[in-house]
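# Reading the structure
What follows is the residue order along each chain.
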Amino acid sequence: MGALELVIALGCAIVAGEVIARRFTLPTPIVLVAAGLGLAALPFVGTVELPAEVVLVLFLPVLLFWESLTMSAREMRRYIRGITLTGVLLVIVTAAAVAVVGHALGLAWGTAWIIGAAVAPTDATAVAAMGRGLPRRTMVILRAESLINDGTALVIYALAVGLVTGEETLSAVHVASLFTVSFFGGILIGLAAGYGIFALRRRVHDPMVNNVILLLTPFVVYFLAEEVHASGVLAVVTCGLLWARISPAVVSASARQRATPFWSLTTFVLNGALFVLIGLELPVAAGGLVGSGIGTAILVTVAVHLTTIVTRFLFLVVSAYLIRLLDRRPSQRALRTTNRARAVSAVAGFRGAVSLAVALSVPATLAGEAFPARDMIVFVTAGVVVNTLLFQGLALPFVIRWAGLPEDHSARDELEAATRAADSEALAALPELADELGVGDATVDRLRREYADRLAESCHDQTTSGEASTTYGRRREAELRLALLSHQRSTVIRLRDEGRIDDAVLRQLQARLDLEEIRLSGGPVVE
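Each residue is numbered by its place in its chain's sequence as written, counting from 1. Local features in this predicted model are restricted to residues of pLDDT 70 or higher, and side-chain atom pairs are both shown and tallied only at a pLDDT of 80 or more, whereas totals for entire chains, interfaces and linings draw on every residue. With hydrogens and water stripped out, all remaining heavy atoms of the structure feed into the side-chain values.

## Concerning the side chain of T491
Condition: Helix and strand labels come from DSSP, where a helix needs a run of H or I of at least four residues and a strand needs a run of E of at least two; each type is numbered from the N terminus. When a residue's accessible area, from a 1.4 Å probe over protein chains only, is under 20% of the maximum for its type it is buried; when over 50% it is exposed; and in between it is partly exposed. In the analysis that follows, any N or O atom pair within 3.5 Å is treated as a polar contact, provided that within protein one partner can donate a hydrogen and the other can accept it, and provided that, for residues neighboring in sequence, both atoms belong to side chains. Pairs of residues are marked as contacts when any of their non-hydrogen atoms sit within 4.5 Å.
Relative to the helices and strands, T491 is located in helix α21 (residues 475-497). On the basis of relative accessible area, T491 is assigned to the buried category, the value being 1%. A polar contact is formed between the side chain of T491 and the side chain of E425, at a distance of 3.0 Å. The contact partners of T491, leaving out residues within four places of it in the chain, are A421, A422 and E425.

Structure representation (structure tokens):
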């Protein structure tokens, strides 16, 4: 199949999969994987080889950057110990457990370790797509874990391939140096790039140019990190988290209004294409396995899948009770949860396109000969990805109900409190701002009543006054309203910086203020 035909087929599969998933209330990723399998069965499609570079260079930086931009830094700090344990140590433990099981089933140690490295990390894209019913805490931890565990897995993968090819020596010093360069190098490059982009974007006032810079950012950061053998994944994630922290104060409302729909559409298409491509790749992986090889591969796939779930659950339980034994602080006791919640987290540990990309990164040849058991590696990895999406995805809603986890209304409460605080402080600043701009008493009284009415209403039902403000004929009133919006925006950012509201709440309120600002300014509104 040619490139143009593949693009058309992917687009049609994404549209059809989304429509079917919504019509029958099925998990979208599962339907998209099935659509990929259906495409692969068509005679005119043929074999579709997916180069690993497509995922690692084109898909992965963009998706991880957007996930980190929309991540909650406050919640990450709150659960940083658990996130670090699952994002680093759990990946190593899972890779080792899978390697032991794979070797027990007849695989060579090198092959077993490569499979372990491929299936060890959870996938941020799959978690975001499949975990919509998860409690807020579980979703935050899973998303954060998925953002950092790829770096660990890629180091393990490089070591495993190096052992098979004879290019690496397994020593404590060498392994430690690889992890050090990968992790700390990636973080440092991400921080440096984030501040560099901050210095550049604050000097660029054209919204279109600003967003082109934002689009290039994940690719540039990933490239710089990989050039010095650091983790491109961690560099992109670090840069995204930093930029999410500092961007609300420097990016204009117009730039944000243009960026959000673009990134939403882009990530929607890329996510859908990845799941369809997983379905397309599974028959390719099975093509090199015939006869008894298929039976062995299926057995290994099932065993590895079960190993990932069991290992994850046991790790979560053991680490939690070990922390409980060693750390008796009240702040730590407040973070405790139940084993049922840990079971939910174990089932929600989906694997995705990153695992497939790692498997496909295995070189096709070694010293002029086929790489040992490459077909087995790709088949087992793709099979585990499909199994996690299918079986865990279908089981997750039932496990969530069985766990009986309490509903979390903290985000809604923070949104209401922040809205009231912003309106209240704007109302308090109204007389001073009116004096500075020379606005008459009649206008000030009308705005005072408007803001007082907002404070009296439910924040759920609050609507912006942008529609009414477009009918105002006086320029001074528009300037006063814009000044009040700026005051509200500063209040919301301060509440975020003080840790009183979450980044997600900040983004919701910021979107409301942006919409009203653009309408007042007479600019085009993107909805």
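Additional details are given in the paragraphs that follow.
## What to know about the environment of L214
You can see L214 is positioned in helix α10 (residues 207-227). Sequence spacing of L214 and I197 is 17 residues, and the spatial spacing of their C-alpha atoms is 8.3 Å.

## Let's talk about the packing of aromatic side chains
Rule in force here: Only Phe, Tyr and Trp rings are paired, with Trp represented by its six-membered ring, and only when their centres lie within 6.5 Å; those with planes under 30 degrees apart are stacked, over 60 edge-to-face, the remainder tilted. Whether a charge sits over a ring depends on NZ of Lys or CZ of Arg being within 6 Å of the ring centre and within 35 degrees of the ring normal.
For the structure shown, the criterion picks out five aromatic pairs. Between F65 and W263, the ring centres sit 5.9 Å apart and the planes meet at 50°, which makes this aromatic pair tilted. Placement of F65 in helix α3 (residues 52-69) and of W263 in helix α12 (residues 253-287) is noted, with a sequence separation of 198 residues between them. Pair check on accessibility: F65 and W263 agree, each one buried. Taken together, F65, W66, F262 and W263 form an aromatic cluster joined through their ring pairs. The cationic tip of R342 hangs over the ring face of Y321; the distance from NZ or CZ to the ring centre is 5.7 Å.

## Considerations on the packing of α12 against helix α16 (residues 353-360)
Note the following rule: Here the axes come from fitting lines to C-alpha atoms, over the contacting stretch only for helices, and the angles between their N-to-C directions go from 0 to 180 degrees. In these notes the angle categories are as follows: under 35 degrees is roughly parallel, over 145 is roughly antiparallel, 65 to 115 is roughly perpendicular, and the rest is oblique. Each crossing gets its handedness from the near helix: less than a right angle anticlockwise from the far helix is left-handed, clockwise is right-handed. Lys, Arg, Asp and Glu make up the charged group, whereas Ala, Val, Leu, Ile, Met, Phe, Trp, Tyr, Cys and Pro make up the nonpolar group; the residues left over, Gly among them, are polar.
α16 packs onto α12 with a crossing angle of 45° between their chain directions and a minimal axis gap of 10 Å. Regarding the angle of α12 to α16, the classification is oblique. The interaxial crossing formed by α12 with α16 has left-handed handedness. Across the interface between the two elements, L274, I278 and E281 of α12 pack against A353, L356 and L360 of α16. Here the contact of α12 with α16 is built from residues that sort into five nonpolar, no polar and one charged.

## Observations concerning a nonpolar patch on the surface
Filter applied, for reference: To count toward a patch, a residue needs a relative accessible area over 30% and no salt bridge; like charges are then connected within 9 Å, while nonpolar side chains (Val, Leu, Ile, Met, Phe, Trp, Tyr) are connected within 5 Å. Only the protein chains shown count as cover for residues, and the accessible areas themselves come from Shrake-Rupley with a 1.4 Å probe. Salt bridges are defined by distance alone: a side-chain nitrogen of Lys or Arg within 4 Å of a carboxyl oxygen of Asp or Glu.
A contiguous nonpolar surface patch, about 500 Å² in accessible area, is contributed by F184, I187, L188, L191 and Y195. Here I187 falls in the partly exposed class, since its relative accessible area comes to 33%.

## A look at a negative patch on the surface
As a reminder, the rule being used: Asp and Glu count as negative and Lys and Arg as positive, but His and the ends of the chain are not part of the count. Charge positions come from single atoms, namely NZ of Lys, CZ of Arg, CG of Asp or CD of Glu.
A surface patch of negative charge is lined by E432, D435, E436 and D441. For the negative patch, the element with the most residues is helix α18 (residues 410-437), which contributes three residues. Structurally, D435 is set in helix α18.

## Some points on the packing of helix α2 (residues 28-41) against α12
In contact at an axis separation of 7 Å, α2 and α12 are set at 45° when each is read in the N-to-C sense. It follows that α2 is oblique to α12 by the angle criterion. Like other packed secondary-structure pairs, α2 and α12 cross with a definite hand, here right-handed. Contacts from P29, L32, V33, G36, L37, L39 and A40 of α2 reach α12 at G272, F275, V276, G279, L280, L282 and P283. Across the contact of α2 with α12, the residue classes break down as 11 nonpolar, three polar and no charged.

## Some words on the side chain of T86
Inspection of the secondary structure puts T86 in helix α5 (residues 80-104). Polar side-chain contacts of T86 include one of 2.9 Å to the backbone oxygen of G82. Not counting residues within four places of it along the chain, the set of residues in contact with T86 comprises V91, E145, F315 and L316.

## Thoughts on the layout of surface pockets
For clarity, the threshold we go by: Using a 1 Å grid laid over the protein atoms alone, points where a 1.4 Å probe fits but cannot get out form a cavity; open sets with protein on both sides within 12 Å along at least 5 of 7 lines form a pocket; any residue with an atom within 4 Å of a point counts as lining. Grid points are joined across faces, edges and corners, and a volume is the space filled by probe spheres set on the points.
Estimated volume of the second largest pocket: approximately 920 Å³. Along its surface, the second largest pocket is lined by 38 residues, and Y79, R137, I141, L335 and T337 are the ones closest to its centre. Broken down by secondary-structure element, the contributors of at least two residues to the lining of the second largest pocket are α4 (73-78), α5, α8 (136-165), α13 (292-326), α14 (330-333), α15 (339-347) and α18. Of the residues assigned to the lining of the second largest pocket, the class counts are 14 nonpolar, 10 polar and 14 charged.

## What about the pattern of salt bridges?
Applying the stated criterion to the full structure yields 19 salt bridges. Between E18 and R22 there is a salt bridge, with its nearest N and O atoms 3.7 Å apart. Of this pair, E18 and R22 both sit in helix α1 (residues 3-23), separated by four residues, roughly a single helical turn. According to the relative accessible area criterion, R22 is exposed, its value standing at 63%. Residues E498 and R500 are paired through a salt bridge, measuring 3.1 Å at the closest nitrogen-oxygen approach. R500 sits in the exposed class, given a relative accessible area of 51%. Each of R74, E75, R78 and E414 takes part in a single network of salt bridges with overlapping partners.

## A look at α10
We count it as follows: Expected span of a helix, by definition, is 1.5 Å for each gap between consecutive residues, and there is one gap fewer than residues. Two axes are fitted around each residue, one to the seven residues ending there and one to the seven starting there, and the angle between them is reported as the bend at that residue.
With 21 residues, α10 extends 30 Å from end C-alpha to end C-alpha; this agrees with the ideal 30 Å at 1.5 Å per step. Maximum bend of α10: about 35°, positioned at T217, with proline P218 one to four residues after it. When α10 is considered as a whole, its buried residues turn out to be P207, N210, N211, I213, L214, T217, P218, V221, Y222 and A225. N-capping of α10 is provided by D206, with a side-chain oxygen placed 2.8 Å from the backbone N of M208.

## Structural notes on α5
The end-to-end C-alpha distance of α5, which contains 25 residues, comes to 35 Å, matching closely the 36 Å that a straight helix rising 1.5 Å per residue would cover. L90 marks the point of greatest bend in α5, at about 40°. For α5, the set of buried residues is I83, T86, G87, L90, V91, T94, A95, A97, V98, A99 and G102. A positive phi of about 105° marks G106, the residue just after α5.

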